[in-house]
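Observations on chain architecture
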Amino acid sequence: MYGHVSPWLAILTGVFTFVYLNFDNIDGKQARKTKSSSPLGLLFDHGCDALNSTVIVTSLCTVLQAGNTEFSLIPFIMAIVPFYTATWEEYYINGLFLPAIHGASEGVVLVSLLFIFSGLVGQEFWTSATLYGNLPNNILLVYVLALASFYSAASNVVTVFMKKRDRFGHAVGNLSPLTFLVLTLTIVHFYSPARISETHTRYFLYFFGLHFAKLATHLQIAHVATEEFRGLRRTSIFLYIVFIAHTAASAILGGSIFPEDQLLFVLLGLSVLVYAHLVVNVVIQFTNVLNIRAFCLKTNGSLINFSQKNTAQNASPFSYELTESSKFAPPPP
């Protein structure tokens, strides 16, 4: 991800990133004001954030001139790991307790300022070495943000350990879906004969970004429905294995068995369909159970009649009771 980005576009991207942050913080208050808050709204919120993580990362890496290298892949991993661990923490301790400075707000503000700064001073600043020895400024920034990302994720792990020691082993096991995703990305990046992650970096990240959004959505579904989280989904595992198997076989044979760019586009297309299938099914099931309509307020001002908070020890604060005739069907694979 490289090439000239017009200064006005970088500044405008920064402004709208800040607008997105404000709308992301306002929507919950607006929902409570109109008495329209619901578990489906929570899923919409987190689902859009999960998708937007990839969009913001790819845009920022282009402005920073990170190039089609691992320095565009590292920021993607830096974005999804703390996002997942924060959601994972919320699932286990039934609450989202963010520190005074965190990625969801201050991190997005920083990204917004980076866009605006790049538009004002020019992209050349990031490819020059003016801050620390001979290290380019964009690479230095990646290292600094990587440390912040590690600290954020580690804090989530420590919090779960301190508050749920009896279930910590189980919790660690539910980090495996994210580990599998990052491992697949790493294997394909380093061993792809056609260097697909460098020739089609943006599409490569879109593929993994969709599967991360799907994974984060399933984790949120388990949270709001107080269900057991099953992160290793068949469809994602199948597509990962196809990607890894083709990469391994091509590396052993010394050449691609199937054109890797075409394989990537096929896998990306299937990922779009899989994610769309999940979204449609979640909307249909939640609207049926809650007796609501998506993007529509009831005229009587009372959208949802929640039961009293579930008294079970591990119940989610967003939980609600379902009648026998309206239980959730198992989430799509």
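Attention in this report is confined to the structure presented alongside it. All values reported here derive from a predicted model rather than from experimental measurement.

How each quantity is defined
Residues numbered from 1 in each chain as written. Predicted model: local features only at pLDDT ≥ 70, side-chain atom pairs only at ≥ 80, totals over all residues. Heavy atoms only, no water. Helix = DSSP H or I, 4+ residues; strand = E, 2+ residues; numbered from the N terminus. Contact = heavy atoms within 4.5 Å. Axes fitted to C-alpha atoms, helices over the stretch in contact; angles between N-to-C directions. Parallel < 35°, antiparallel > 145°, perpendicular 65-115°, else oblique. Left-handed = near helix turned anticlockwise from the far one by under 90°. Nonpolar A, V, L, I, M, F, W, Y, C, P; charged D, E, K, R; others polar. Buried < 20%, exposed > 50% of the residue type's maximum accessible area, 1.4 Å probe, protein only. Salt bridge = Lys/Arg side-chain N within 4 Å of Asp/Glu carboxyl O. Expected span 1.5 Å × (residues − 1). Arc of directions from axis to C-beta. Core = buried A, V, L, I, M, F, W, Y, C linked by side-chain atoms within 4.5 Å. Phe/Tyr/Trp six-rings, centres within 6.5 Å; stacked < 30°, edge-to-face > 60°.

Thoughts on the overall build of the chain
Looking only at helices and strands, one finds 12 helices and 0 strands in the chain. Counting helices and strands in the order they occur from the N terminus, the chain gives α-α-α-α-α-α-α-α-α-α-α-α. The contacts of the chain with a sequence gap of at least 6 include a subset with a gap of at least 24, amounting to 78%.

A look at the packing of helix 3 (residues 70-93) against helix 6 (residues 137-163)
Packing of helix 3 against helix 6 brings their axes to within 9 Å, and their N-to-C directions diverge by 15°. Taken together, the axis directions place helix 3 and helix 6 in an arrangement best described as roughly parallel. Classified by chirality, the crossing of helix 6 by helix 3 is left-handed. In terms of residue class, the contact of helix 3 with helix 6 is built from 18 nonpolar, 5 polar and 2 charged.

Some points on unusual backbone geometry
Phi is positive for Arg195, which is not a glycine, with a value near 50°. Mapped onto the secondary structure, Arg195 falls in the loop between helix 8 (176-191) and helix 9 (196-199). With a relative accessible area of 29%, Arg195 lands in the partly exposed category. Phi is positive for Thr226, close to 50°, though the residue is something other than glycine. On the secondary structure map, Thr226 appears in the loop between helix 10 (201-224) and helix 11 (234-253). Given the relative accessible area of 39%, Thr226 is considered partly exposed.

Observations concerning the pattern of salt bridges
If you walk through the whole model with that rule in mind, you get 1 salt bridge. The partner of Glu198 in a salt bridge is Arg195, and the shortest N-O contact between them spans 3.0 Å. Classification of Glu198 as partly exposed rests on a relative accessible area of 27%.

Re the packing of helix 10 against helix 11
Two numbers describe a pair of packed helices, the interaxial angle and the distance between the axes. Across the interface, helix 10 lies against helix 11 with an axial gap of 11 Å and an inter-helix angle of 155°. One element, helix 10, and the other, helix 11, form an angle in the roughly antiparallel class. For the element pair helix 10 and helix 11, the recorded crossing hand is left-handed. Here Phe204, Phe207, Phe208, His211 and Lys214 of helix 10 come into contact with helix 11, specifically with Thr235, Ser236, Leu239, Tyr240 and Phe243. Of the residues contributing to the contact of helix 10 with helix 11, the split by class is 6 nonpolar, 3 polar and 1 charged.

Describing the environment of Pro259
One can find Pro259 in the loop between helix 11 and helix 12 (260-290). Taking relative accessible area as the criterion, Pro259 reaches 36% and is therefore assigned partly exposed.

So, the environment of Thr179
Within the secondary structure layout, Thr179 lies in helix 8. Measuring from C-alpha to C-alpha, the distance between Thr179 and Val81 comes to 9.2 Å, with 98 residues separating the pair along the chain.

Comments concerning helix 8
With 16 residues, helix 8 extends 22 Å from end C-alpha to end C-alpha; this agrees with the ideal 22 Å at 1.5 Å per step. Buried residues of helix 8: Pro177, Leu178, Leu181, Val182, Thr184, Leu185, Val188 and His189, and no others. For helix 8, the angular spread of buried residues about the axis comes to 155°, placing them on one side.

Details of the nonpolar core
In a soluble, globular protein the nonpolar side chains are often hidden away together inside. In this structure, Tyr84, Trp88, Phe204, Phe207, Phe208, Phe212 and Phe243 are the most contacted members of the largest nonpolar core, which totals 42 residues. For this core, the element with the highest residue contribution is helix 10, accounting for 11 residues. Excluding residues that lie within four positions of it along the chain, Phe207 makes contacts with Leu239, Tyr240, Phe243, Leu264, Leu267, Leu268 and Ser271.

A few points about helix 6
Compared with the 39 Å implied by 1.5 Å per residue over 27 residues, the 39 Å span of helix 6 between its first and last C-alpha is a close match. Of the residues making up helix 6, those classed as buried are Asn137, Asn138, Ile139, Leu140, Leu141, Val142, Ser149, Ala153, Asn156 and Val160.

What to know about the packing of aromatic side chains
Inspection of the entire model under this criterion finds 18 aromatic pairs. A centroid spacing of 6.1 Å and a plane angle of 65° characterise the contact between Phe204 and Phe243, whose relative ring orientation is edge-to-face. With a gap of 39 residues between them, Phe204 in helix 10 and Phe243 in helix 11 connect regions that are remote in the sequence. In this pair, the class of Phe204 matches that of Phe243, namely buried. Pairwise contacts between aromatic rings join Phe180, Phe204, Phe207, Phe208, Tyr240 and Phe243 into one cluster.

Section: the environment of Phe44
Among the structural elements, Phe44 can be located in helix 2 (residues 39-63). Considered as a pair, Phe44 and Val283 are 239 residues apart in the sequence and their alpha carbons are 9.2 Å apart. When neighbours within four sequence positions are excluded, Phe44 is seen to be in contact with Val283 and Phe295.

Shape is all these values report; function is a separate question.
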